[in-house]
Amino acid sequence: MLNKKHLKEKANNLPLLPGVYIMKNAAGEIIYIGKAIKLKNRVTQYFGLGTTHTLKVKKMVENVHDFDYIICDNEFEALTLENSLIKQHSPKYNILLKDDKGYHYVRVTNDKWRKIEAVKNNKDKGTHIGPYNSAGVVKQTVAEAQKIFKLPDCSRSFDKKTKPCLNFHIGLCMAPCRGNIDISEYNEAVDAAVKFIKNSSVAADEIENLERQMAAASEQLNFEYAAKLRDRINAIKRITEKQKVVSSLKFRVDVFATALVGDMACVQVFIFKNGHLADKNHFFFNDISDKQSLYSEFLPRYYANNDDIPREILIDDENEDYPLIEGWLSLCGKKCEITVPQKGDRRHLVQMCQSNAAEQLSKKVERSVAETSALNELAELLGMKNPPRYIESYDISNTAGEENVAGMIVFKDGRPLKSNYRKFKIKSFLGQDDYRSMSEVIERRFNEYRKASDEAFSVMPDLILLDGGKGQLSSVTQKLDEMGINVAVFGMVKDSKHQTNAIVSDGGKITIKQNRSAYTLITNIQNEVHRFAIGYHKSRRSKAMFNSELIKIEGVGKGRAAALLKHFKTIKAIKNASVEELCAVKGVSRAVAENIYNYFN
């Protein structure tokens, strides 16, 4: 395994040429891909002594086992190759912009009385307009189209005459449910609404067309229809004036702005088409030091899977990489200019985007104010330089040494990260010894860290909290010293009423009850790790007891008992199984299946 010294030596031998570097972990997996004008200068920065990195980069460097590199003719070629490799490998520490929110669509049903509605996907029957990133934009678009063209937003069937709802009485729906709307007139309104949704810039043409129809209806003394057209014209004018932002933007323009709080960032994206806001999206990032480095990585990732390249990008901060990114975007066949507007309508758009980024981030931060306060208070209480963002906690559970197990829970940024919870069955000895058990679990956990085969174990925690006192603390710190692992470790102890009372350090007890936020956080962690460990112990004990009960049945040994549990998953399922279902288990004959069935029934 290459240590940091050898990695630094290898980096010092790199050429001073443009290229792409590829960081790998101990398993040979690619964890980060970057580009550089001078490979040697860039890569040596990762492994230099006293180098200050963001938390994200520190975590990446801790997991680097080796690296490869590819020399390119110029920086532009390096950017193109970097994007291609990132798209191919999806490295853990690159910005990947995985969007778990999904896309949204406007759906036009294909039944007799077509309806327009906002939907989450495009799998249902009908015509779909989209995709859109923002559910809000889709819902607003559908609501405006229904309002302008007086289309129903209900699920009624219009083949049968019924009493109209309130929307008809307040002038928001033509109410085909009354039975006096011709299907051709209704479909004309739906077609006009679809046209409006697809391209709101047709509003002027649509108004002109409706005005001609209104004049013709008046000449034919069809005043009721003329009044409907007049109302539609007025509605379109009101909506389009409300929607209109910058009339001078006659082509696709994307606007980016970022809000920063500490090392957390929110990038807001507005997409304008023909002077109207067509879509929007936002992305949150942690471990961000500045906008420049964020945009250098974010913009290529954002457009890597986006074929619709705008003619202009408006953004809120300068960056020396913009000419390079412009050149790369032009490969898609459309010239794109990135500008930082200083005045006028374009500056107003960027400011509006900034306000929305700040709003989104404030909501995110507001949800974590209590957690942040607790982590800051905890860091001060424990004498830590920085708040512990990634906390692991351990507890041992057994019954007189039987079914000896441990639970590991994780709190990230003050909240449970249940995907990283892990269970341990004590293997190195039999009987009850919480100190040895805790030592074994810590050794196995950090052996896994060095293998980097499990995502939960690949993170170096900022803080370890043990459910126990000086004995557990001493056994764990001794094991960590033997392994050369440097992590802050403390014990959590309870009082006679079994309530969290204090923190145990190698210097003695630290009273925590007067530190309200930290006390609440530690109590939550201690209760959660106890719940998790004892839950695992109870499940194993229950299975063990049931195994022993199964073995009492004629023809069932340990092997068949294990096969039954593996097949049915739960004890209840075995008890409720029929003879035929029991026979389906490998190794269980019909005679044995009947014995099992008769035993429980």
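Report on the accompanying structure. Since the structure is predicted, the reported quantities are computational estimates derived from the model, not experimental observations. (Residues numbered from 1 in each chain as written. Predicted model: local features only at pLDDT ≥ 70, side-chain atom pairs only at ≥ 80, totals over all residues. Heavy atoms only, no water.)

So, on to the overall build of the protein chain. Broken down by element type, the protein chain carries 20 helices and 19 strands. Classification of the 601 residues of the protein chain by burial places 46% in the buried group. In the protein chain, 61% of the contacts between residues at least 6 apart in sequence involve partners at least 24 apart. Looking at the protein chain as shown, the accessible area adds up to about 30,800 Å², and 48% of this sits on carbon and sulfur atoms. (Helix = DSSP H or I, 4+ residues; strand = E, 2+ residues; numbered from the N terminus. Buried < 20%, exposed > 50% of the residue type's maximum accessible area, 1.4 Å probe, protein only. Contact = heavy atoms within 4.5 Å. Areas by Shrake-Rupley, 256 points an atom, 1.4 Å probe, with all protein chains shown as cover.)

Applying the stated criterion across every chain, the model contains 20 salt bridges. Of the charged contacts in the structure, one is a salt bridge between Glu482 and Lys479, with a shortest N-O distance of 3.3 Å. With a gap of three residues between them, Glu482 and Lys479 both fall in helix H15 (residues 470-483), about one helical turn apart. Using a relative accessible area of 53% as the deciding quantity, one classes Glu482 as exposed. For Lys479, a relative accessible area of 14% gives the class buried. Sharing partners across several salt bridges, the network here consists of Glu443, Lys479 and Glu482. (Salt bridge = Lys/Arg side-chain N within 4 Å of Asp/Glu carboxyl O.)

On to the state of the cysteines, then. Scanning the model with the defined rule gives zero disulfides in all. For Cys353, which is in no disulfide, the shortest distance to another cysteine sulfur is to Cys266 and amounts to 8.9 Å. A relative accessible area of 0% places Cys353 in the buried class. (Disulfide = S-S within 2.5 Å.)

Moving on, we get to the sheet that holds strand E10 (residues 312-315). As summarised here, the arrangement of the five strands in space is E9-E8-E7-E10-E11, forming an open sheet in which the pairing is mixed. What marks the edges here is a single partner per strand, and that holds for strand E9 (276-285) and strand E11 (337-339). Adjacent strand axes in the sheet meet at a mean angle of 20 degrees, parallel and antiparallel pairs treated alike. Here nine bridges tie strand E7 (residues 253-261) to strand E8 (residues 264-273), and the two strands are oriented antiparallel to one another. (Pairing = 2+ DSSP bridges. Axes fitted to C-alpha atoms, helices over the stretch in contact; angles between N-to-C directions.)

The next thing to look at is the packing of helix H1 (residues 4-12) against helix H2 (residues 39-47). Running from N to C, H1 and H2 point in directions that differ by 170 degrees, and their axes come no closer than 8 Å. On the basis of the axis angle, H1 is roughly antiparallel to H2. Contact with H1, carried on its side by Lys4, Leu7, Lys8, Ala11 and Asn12, involves Lys40, Val43, Thr44 and Phe47 of H2 and no other residues of that element. A per-class count over the contact of H1 with H2 returns four nonpolar, two polar and three charged. (Parallel < 35°, antiparallel > 145°, perpendicular 65-115°, else oblique. Nonpolar A, V, L, I, M, F, W, Y, C, P; charged D, E, K, R; others polar.)

With that out of the way, let us pick up the nonpolar core. The biggest cluster of nonpolar side chains holds 29 residues, and the ones touching the most others in it are Tyr394, Phe446, Ile464 and Leu466. When residues of this core are traced back to their parent elements, those giving at least two are strand E12 (390-399), strand E13 (402-412), helix H14 (434-451), strand E16 (463-467), H15, strand E17 (488-494) and strand E18 (500-505). Of the residues forming this core, the biggest block, five residues, is contributed by H14. When neighbours within four sequence positions are excluded, Ile464 is seen to be in contact with Glu392, Tyr394, Ile442, Phe446, Val487, Ala488, Val489 and Phe490. Ranked by size, the runner-up nonpolar core spans 28 residues in total, among them Leu79, Ile95, Phe285 and Cys336. (Core = buried A, V, L, I, M, F, W, Y, C linked by side-chain atoms within 4.5 Å.)

Turning to the sheet that holds strand E4 (residues 104-108), a few remarks are in order. With antiparallel pairing, three strands are arranged side by side in an open sheet as E5-E4-E6. A single partner strand is all that each edge strand has here, and the edge strands are strand E5 (116-119) and strand E6 (127-132). Across this sheet, the average inter-strand angle for adjacent strands is 20 degrees, counted without regard to direction. Examined bridge by bridge, E4 and E6 share four bridges and lie antiparallel to one another. Bridge pairing links Arg107 to His128 in E6.

When you line up the elements, Leu172 lands in the loop between helix H6 (166-169) and helix H7 (183-198). On the basis of relative accessible area, Leu172 is assigned to the partly exposed category, the value being 32%. As a C-alpha pair, Leu172 and Gln146 span 26 residues in sequence and 7.9 Å in three-dimensional space.

With that settled, consider the packing of aromatic side chains. Scanning the model with the defined rule gives 20 aromatic pairs in all. Taking 6.1 Å as the distance between ring centres and 75 degrees as the angle between the ring planes, the aromatic pair formed by Phe256 and Tyr303 counts as edge-to-face. Of this pair, Phe256 sits in strand E7 while Tyr303 sits in helix H10 (residues 291-304); the two residues are 47 residues apart in sequence, bridging distant segments of the chain. Each member of the pair Phe256 and Tyr303 is classed as buried. Both rings, one in Phe270 and one in Phe272, keep their centres 6.2 Å apart while their planes meet at 85 degrees; by these two values the pair is edge-to-face. (Phe/Tyr/Trp six-rings, centres within 6.5 Å; stacked < 30°, edge-to-face > 60°.)

What follows deals with helix H11 (residues 322-330). Among the residues of H11, those classed as buried are Tyr322, Leu324, Ile325, Trp328 and Leu329. The buried residues of H11 occupy one face: seen down the axis, they fall within an arc of 155 degrees. (Arc of directions from axis to C-beta.)

This part is about the pairing of E8. In terms of residue burial, E8 counts as a mostly covered element, since nine of its 10 residues are buried. Where E8 and E9 come together, nine bridges link them in antiparallel fashion. Note that in E9 the partner of Cys266 across the bridge is Phe284.

So, on to the environment of His6. Looking at the secondary structure, you find His6 in helix H1. By relative accessible area, which is 38% here, His6 ends up partly exposed. In sequence terms His6 and His65 are 59 residues apart; their C-alpha atoms lie 10.0 Å from each other.

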